[in-house]
Amino acid sequence: LVGHVTVRYKTTDSTLYSEARVGDDFTTRFMVVGDWGRQGKYHQAEVALQMALVGAVFRPNFVISTGDNFYPSGLKRVNDTLVKESFVDIYNYPSLNVPWYAVLGNHDYGDGSAKHDFSTKPAWQSTEWMEKLDKRWICCGGRDFNTKKVTE
């Protein structure tokens, strides 16, 4: 999914919207991807290449990741190799070198097949841990945005 939002006026007067024109003023371009963390398998690498090609023309300001970032069941340790194998090495194109705003999916909390597997740590996807591995990554890491505490 590729998004494009153009805003030309900041107002509460709805009649001005009829005067708005598409243009570069206040334009935001972004891409959205989800269910991708598969170490380049299951067409992840091919999709990344297509994103890069579109991105070279489209020039996104950022990418939104809608979750299930690291299959099969999230990150298990600090500096988990899945970060390099599923993100850093796969989305390493210049056009994708923009901020990635990520949320967590069910697989990022654990895959559900091992209900007593407490080794998955959603917090390791937070910006504070991930920025050491890749500065593009921006994520709450399972924390509640209001309390800043890790959700269970």
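As a reminder, the structure under discussion sits directly above these lines.
Conventions we followed
- Residues numbered from 1 in each chain as written.
- Predicted model: local features only at pLDDT ≥ 70, side-chain atom pairs only at ≥ 80, totals over all residues.
- Heavy atoms only, no water.
- Salt bridge = Lys/Arg side-chain N within 4 Å of Asp/Glu carboxyl O.
- Buried < 20%, exposed > 50% of the residue type's maximum accessible area, 1.4 Å probe, protein only.
- Helix = DSSP H or I, 4+ residues; strand = E, 2+ residues; numbered from the N terminus.
- Phe/Tyr/Trp six-rings, centres within 6.5 Å; stacked < 30°, edge-to-face > 60°.

Now for the pattern of salt bridges. Overall, the coordinates contain three salt bridges when judged by the stated rule. Note that R77 and D80 form a salt bridge whose closest N and O atoms lie 3.6 Å from each other. Between K84 and D89 there is a salt bridge whose closest N-O contact spans 2.9 Å. The class for K84 is partly exposed, based on a relative accessible area of 48%. Since its relative accessible area comes to 37%, D89 is described here as partly exposed.

So, about the environment of V57. Residue placement: V57 occurs in helix α1 (residues 44-58). Separated by 38 residues in the primary sequence, V57 and S95 have C-alpha atoms spaced 8.6 Å apart.

For the structure shown, the criterion picks out twelve aromatic pairs. Residues W36 and W100 carry aromatic rings whose centres are separated by 6.1 Å and whose planes lie at 70° to one another, so their mutual orientation is edge-to-face. Of this pair, W36 sits in the loop between β2 (27-33) and α1 while W100 is found in strand β4 (residues 100-102), placing the two residues 64 residues apart along the sequence. Each member of the pair, W36 together with W100, is buried. Consider the rings of F87 and W100, whose centres lie 4.9 Å apart with planes at 80°: the pair is edge-to-face.

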